[in-house]
Amino acid sequence: MLTILILFITGLVTMFTSFFPHKSLPKYLGITGILTALLALHLRLGLGLDFPAFFTMFPLTRIMSVIVLILLLVIFVLQRSYEKEYDWSAVYSLMLFSTCGVILLLGQANLLTLFLGIEIMSIPLYVLAASKRNQATSLEAGLKYFILGSFASAFLLFGIALVYGTTGSFIMNDIVTAQNISGGQLPAYFHIGYIFIIASILFKMALAPFHFWSPDVYDGSPTVVTTFMTTVVKIGSSITMYYLLVGYFRNQFEIYFKFLMPIICVSFILGAILGLVQNNVKRMLAYSSISHIAFVLTGIVLSIALQDMSLFVFYLLTYTTSSLIVFSVIDHIENGNTVFLDHLNGLSKHSPILAVTLAIGVLSMAGIPFTGGFIAKYRVLTGIYQINGWMFALALLSSAVAIGYYLRLLNRIFFYEKTQENVAIKNILLAITMTILTVTIVILGILPELILQGIYKYFLA
Amino acid sequence: MHLILLLPLLVALTAFFLPKKLVREFSLAFSGAFFLFSIYVLTQYNPMNHYNFTYFHEAFLVGTGGSLHIGLDSLGVLMFVLTNFVVLYANIMAWNKSYSSSFYGCTFLMQFALVGVFASLNAILFYFFWELALLPIYYIVYKWGNGKDLSKTFIRFFVYTFVGSLFILAAFILFAVETKSGSFEITEMAKTSLTGNTQILYTIFLVIGFGVKIPIFPLHSWQANTYRKAPAEGTILLSGIMLKMGLFGLLRWLIPFQEEVLPLMQKLILVLAIVGTLYGAILALRRNDLKLIAAFSSLSHVGLIVAGIFTFKFLGFQGSGIQMLVHGINIVGIFYIIDIIERSTGTRYLTELGGISSKAPIFSTLAFIIILGSIAVPLTNGFPGEFLLLMSVFFYNPILGALAGVTVILGATYMLRMFQRAFMGEVSESVSDFKPVSKTDLIALGFIALLVIVLGIYPQAVLDLTANSSQYMTNLLELKNN
């Protein structure tokens, strides 16, 4: 709770820094705030601000909060202010507010917290998506995201109301108890409500067939916002899904498996095939994220079937790290315009650091050994095989097709002649951060147990 | 990590960052040293200690639980030597071509991955290196390749091999889940066994996965164009050692886990392999591009090795062992010859060549020796392997054996046709200003020619080395079938 408070106050203060002429002030203020929040998490400061029925510090909450904060920190550090007249203080503060929502979601113990978290996470995002005010695509993205997101929120609220109506409580444990007492004989309203809730979260995760907003929004938003959406927000919505399936509705395994399986399969297919025909890098990555999040969702389903939560946590960790790398590099390449594949031509000659970093990020997304992506994918695949052979084949096939577009990206970087001016890294801090991220991905691929056990030891001690 | 893996990795990482002036000497020195080191490992290898691997020690932790081992058995040791040999030759061939540092970095990275493939005693570790080997070679062939539609050719190559790899991954996951063995260590895996449909699936998956890389007949369509458009160094890495990964994979990861020999599968694969053998040879007969002839001859030779392996006989295993080594040596020699011709005349098309022997007699003699080796004339190194393989196929089924025997004739035809058109006859226009072949090239080729003769006269050294390993596999299969 204290973490949220610190982030919130930092966000508020950051918002007012636009009065000062100092351009980097909001950035450093934001970084200080995040570091303070991390410190508070590390020291486990509570200050008596605990409301267990509202917000609980599960071990998962603690782990994921740290990961979310580190991701946010890296986003702040890597941020390149390419438009001088742009109001960055607002962007930073809105990202901080949105992160408050994500952390609220990570510790939810209550359907109301869920709703609050989703809204606090999403509303700043609508503004962020539209924050390039002089570009029509950005405004379109914001509007589209806002309207569809509002629908999703309405569905969520409707679903919560129905679940409350049948179980008489918002609290996670009470809902589970109500399901146990009824012995599976809950009225149909409960199931309808439950499907509405899950569908609205699927919308936030951008899984097919709820994915239509994601390529437009990814493409239209400023890249820093896209980075934020693929990393922090994806963690928030995925963990929410985990709480829904494992927390609130843990007795409905058969139903939700039947319900989610087609969604996962369609996402595998669409994510792989639609990505193949894109020339716009951000749209391509939006489609790739659909199939990756389908893997995450599979991991969540498996975490119940196999009693092993590390599957999806690890997948989420590697996916967010590699997409952080990829999007940060793209942020550095673009000049405020859309990034097409052509813009990547000959990057390796111009800026080897960016090229190698991007390549390793992309290889990790593709699931090539020695990157974290392979281990993550391999573990989920092994899990899927035990559940359903056909889904396993589909997942493998989707990875195989997806390699096609990742390869197109890599070919552009390494083998094409330069066609336009690229930006080289000048800032040493950026180079160091990029290197650390790349090394992390490789270590996740070579010594995953080192990192996993480190995490467990640190948080479960 | 043991030295055999650690050193190439370190050298690779160093080579990437060295300035262009130094990297050539640095790489040649280190690849030469590695080759000598591999010979040392070979001499230290105890031939009594076969299919029981010589363990080095714990290598990695790859999130699969437990520690992963690396080690070499007798076949692995042979392939390890061959890897170092091919990488050395790639460096020698690159000497005059002013490649950038990343080329040398990639060759050593390739060596790292290949040694990893041959030394892994754990399925996941094996897969790990198998995939890793794909990246540097892809970089080399694409970056320094030439010809039209590079992007199309190499994306096809990559996608083919990557999909093949996924089949391998699928097979290993299948094995682990079906046998409920948590471990991927080969010694643990050997204790369990697959049955019925699972075994059929496992076999099919692995044959497809390895078959893409070898390539086995219907999966070969990436091969010819990739070989043709790749730079010479890339081609020798691909043909000399990468296709051995597939053959090695069959011997290491498929044969010992055959619970029972499935006669139908066996016959199907044998027929496909022999069709590939004949098909490759026939295609090679009428090609004009020297590289394509070599590529198709490779397809033909490798088909015979696969056929030999799938007879599941002692002779077949023995023949495949020696032939894997010898094919590696000879194909490197042939692509080296083609590279020299191309450098000296600017063309590699038979119609534009002729009369090289009058311009460069020593080079032509050496080339002739290597070509004889590739034809498998007795007393050259190609003979013992081919003989054992043919004999093994013949014992399995005389008709198939006879068909396979036809390739020997076809092989002599296309190879001699190549020699005749390029080296004999009138001196053609492009050959008339044939640049003299450098001493380095002659020495390097001479070493291959020496190997052709030495291994032709005394193949027993190699056969002794692999004998116990082959015997082990034969006994294993007989045991399981009875």
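What counts, and at which threshold
- Residues numbered from 1 in each chain as written.
- Chains lettered and ligands numbered in written order.
- Predicted model: local features only at pLDDT ≥ 70, side-chain atom pairs only at ≥ 80, totals over all residues.
- Heavy atoms only, no water.
- Helix = DSSP H or I, 4+ residues; strand = E, 2+ residues; numbered from the N terminus.
- Rg over C-alpha atoms; globule rule 2.2 N^0.38 Å.
- Buried < 20%, exposed > 50% of the residue type's maximum accessible area, 1.4 Å probe, protein only.
- Areas by Shrake-Rupley, 256 points an atom, 1.4 Å probe, with all protein chains shown as cover.
- Lys, Arg positive; Asp, Glu negative; His and termini not counted.
- Charge placed at Lys NZ, Arg CZ, Asp CG, Glu CD.
- Contact = heavy atoms within 4.5 Å.
- Buried area = accessible area lost by both parts, 1.4 Å probe.
- Salt bridge = Lys/Arg side-chain N within 4 Å of Asp/Glu carboxyl O.
- Polar contact = N/O pair within 3.5 Å; in protein donor to acceptor, adjacent residues only side chain to side chain.
- Phe/Tyr/Trp six-rings, centres within 6.5 Å; stacked < 30°, edge-to-face > 60°.
- Lys NZ or Arg CZ within 6 Å of the ring centre and 35° of its normal.
- Expected span 1.5 Å × (residues − 1).
- Axes fitted to C-alpha atoms, helices over the stretch in contact; angles between N-to-C directions.
- Parallel < 35°, antiparallel > 145°, perpendicular 65-115°, else oblique.
- Left-handed = near helix turned anticlockwise from the far one by under 90°.
- Nonpolar A, V, L, I, M, F, W, Y, C, P; charged D, E, K, R; others polar.
- Patch = residues over 30% accessible without salt bridge, like charges linked within 9 Å, V, L, I, M, F, W, Y side chains within 5 Å.
- pLDDT = per-residue confidence, 0-100.
- Core = buried A, V, L, I, M, F, W, Y, C linked by side-chain atoms within 4.5 Å.

## Some thoughts on the overall build of chain A
Scanning chain A from terminus to terminus reveals 19 helices and 0 strands. At 21 Å, chain A has a C-alpha radius of gyration in line with the 23 Å of a compact globule built from 461 residues. Along the first, second and third principal axes, the C-alpha atoms of chain A reach 65 × 55 × 45 Å. Here chain A holds 461 residues, and the buried ones make up 63% of them.

## Topic: the overall build of chain B
Across its full length, chain B holds 20 helices and 2 strands. Here the C-alpha atoms of chain B give a radius of gyration of 21 Å, agreeing with the 23 Å that 2.2 N^0.38 yields for 482 residues. If one aligns the C-alpha atoms of chain B with their principal axes, the spans along those axes are about 65 × 55 × 45 Å. Counting over 482 residues, chain B shows a buried share of 65%. Surface summary for chain B: the accessible area is close to 16,500 Å², and the carbon and sulfur share equals 66%. Taking the average place of the 28 positive charges on the side chains of chain B and the average place of its 22 negative ones, the gap between the two points comes to 8 Å.

## Quick word on the environment of Met 284 of chain A
Its location among the elements puts Met 284 of chain A in helix H12 (residues 281-305). Between the C-alpha atoms of Met 284 of chain A and Leu 94 of chain A, which are 190 residues apart in sequence, the distance is 26 Å.

## Section: the interface of chain A and chain B
Counting from both sides, the interface comprises 29 residues of chain A and, opposite them, 30 residues of chain B. Carbon and sulfur atoms supply 80% of the area that chain A and chain B bury against each other, a total of about 2,700 Å² over both sides. For the pair chain A and chain B, the number of links is 0 salt bridges. On the surface where chain A and chain B come into contact, there are 2 residue pairs in polar contact (both at pLDDT 80 or more). Counting only elements with at least two residues in the side of chain A that touches chain B, the list comes to helix H15 (352-366), helix H16 (372-387), helix H17 (389-415), helix H18 (428-446) and helix H19 (448-460) of chain A. Considering every element that reaches the side of chain A that touches chain B, the biggest residue donor is H17 of chain A, with 10 residues.

## Section: the packing of aromatic side chains
Where two aromatic rings form a pair, the distance of their centres and the angle of their planes describe that pair. Scanning the model with the defined rule gives 64 aromatic pairs over all chains in all. Between Tyr 194 of chain A and Phe 249 of chain A the ring centres are 4.7 Å apart and the planes differ by 80 degrees, which places this aromatic pair in the edge-to-face class. Of this pair, Tyr 194 of chain A sits in helix H8 (residues 188-205) while Phe 249 of chain A sits in the loop between helix H10 (223-248) and helix H11 (253-276), and the two are 55 residues apart along the sequence. Members of the aromatic cluster, joined through ring pairs, are Phe 414 and Phe 415 of chain A together with Tyr 99, Phe 103, Tyr 104, Tyr 138, Tyr 139, Tyr 142, Trp 144, Phe 154, Phe 158 and Phe 162 of chain B. One residue, Arg 379 of chain A, lies across the ring of Phe 314 of chain A, its end atom 5.7 Å from the ring centre. The ring centre of Trp 130 of chain B lies 4.6 Å from the NZ or CZ of Lys 213 of chain B, which sits over that ring.

## Some details on H16 of chain A
Between the first and last C-alpha of H16 of chain A there are 23 Å, a value that for 16 residues agrees with the 22 Å anticipated at 1.5 Å per step. In terms of residue burial, H16 of chain A counts as a mostly covered element, since 14 of its 16 residues are buried.

## Here's the deal with unusual backbone geometry
A cis geometry characterises the amide bond from Ala 208 of chain A onward to Pro 209 of chain A, with omega recorded as 0 degrees. Look at the link from Ile 214 of chain B to Pro 215 of chain B: it is a cis peptide, with omega at -15 degrees. With respect to the helices and strands, the residue Pro 215 of chain B is situated in the loop between helix H9 (196-213) and helix H10 (223-229). Even without being a glycine, Ser 98 of chain B presents a positive backbone phi close to 45 degrees. Here Ser 98 of chain B shows up in the loop between helix H3 (74-93) and helix H4 (101-119).

## Overview of the packing of H11 of chain A against H17 of chain A
In a pair of packed helices, the angle between the axes and the distance between the axes together describe the arrangement. All names here are of chain A. At a closest axis distance of 8 Å, the pairing of H11 and H17 adopts a crossing angle of 20 degrees. Between H11 and H17, the interaxial angle falls into the category roughly parallel. H11 and H17 meet at a crossing whose hand is left-handed. Along its contact with H11, which presents Met 261, Ile 264, Cys 265, Phe 268, Ile 269, Gly 271, Ala 272, Gly 275 and Leu 276, the element H17 presents Met 391, Leu 394, Ala 395, Ser 398, Val 401, Ala 402, Gly 404, Tyr 405 and Arg 408. For the contact of H11 with H17, the class distribution of residues is 13 nonpolar, 4 polar and 1 charged.

## Observations regarding a nonpolar patch on the surface
A cluster of nonpolar side chains, Leu 143, Phe 146, Ile 147, Leu 148, Phe 151 and Phe 155 of chain A, forms an exposed patch at the surface whose accessible area comes to about 570 Å². One can find Leu 143 of chain A in helix H6 (residues 136-167).

## Things to note about the confidence of the model for chain B
For residues with low pLDDT, the predicted coordinates do not support detailed interpretation. All names here are of chain B. With 94% of its residues at a pLDDT of 70 or more, chain B has an overall mean of 85. Low pLDDT, under 50, characterises residues 49-66; the stretch is placed with 69 contacts to residues that sit more than four places away or in other chains. Under the prediction, the complex receives an ipTM of 0.84, its pTM being 0.88.

## Quick notes on the nonpolar core
In this structure, Met 64 and Met 95 of chain A together with Phe 85, Tyr 202, Trp 253, Phe 310 and Phe 363 of chain B are the most contacted members of the largest nonpolar core, which totals 357 residues. Sorting elements by how many residues they give to this core places helix H7 (residues 150-179) of chain B first, with 16 residues. Filtering out sequence-adjacent residues up to four positions away, Phe 363 of chain B remains in contact with Ile 337, Ile 340, Ile 341, Ile 356, Phe 423, Phe 434, Val 437, Leu 442 and Leu 445 of chain B.

## Section: the pattern of salt bridges
Considering all chains together, one arrives at 12 salt bridges over all chains under this definition. Notably, a salt bridge pairs Arg 412 of chain A with Asp 342 of chain A, separated by 2.8 Å at the nearest N-O pair. One end of the pair, Arg 412 of chain A, is in helix H17; the other, Asp 342 of chain A, is in the loop between helix H13 (310-333) and helix H14 (347-350), and 70 residues separate them in sequence. Classification of Arg 412 of chain A as buried rests on a relative accessible area of 15%. A salt bridge links Glu 342 of chain B to Arg 348 of chain B, with the nearest nitrogen and oxygen atoms 3.2 Å apart. On the accessibility criterion, Arg 348 of chain B (9% relative accessible area) is buried.

## Some words on the packing of helix H12 (residues 263-285) of chain B against helix H13 (residues 290-309) of chain B
Residue and element names in this part refer to chain B. Two elements in contact, H12 and H13, have axes whose closest approach is 7 Å; the angle formed by their N-to-C orientations is 160 degrees. Judged by the angle between their axes, H12 and H13 are roughly antiparallel. Considering the relative orientation of H12 and H13, their crossing is left-handed. In this structure, H12 uses Ile 269, Leu 270, Ala 273, Ile 274, Gly 276, Thr 277, Tyr 279, Gly 280, Ala 281, Leu 283 and Ala 284 to contact H13, whose residues at the interface are Ile 293, Phe 296, Ser 297, Leu 299, Ser 300, Gly 303, Leu 304, Val 306 and Ala 307.

## Here we look at the side chain of Gln 108 of chain A
Residues and elements named next belong to chain A. With respect to the secondary-structure elements, Gln 108 resides in the loop between helix H4 (88-106) and helix H5 (111-129). Classification of Gln 108 as buried rests on a relative accessible area of 0%. At 3.0 Å, the side chain of Gln 108 and the backbone oxygen of Leu 105 are in polar contact. With residues up to four places along the chain from it excluded, the contact list for Gln 108 reads Phe 54, Phe 58, Thr 113, Leu 114, Met 172, Thr 240, Tyr 243 and Tyr 248.

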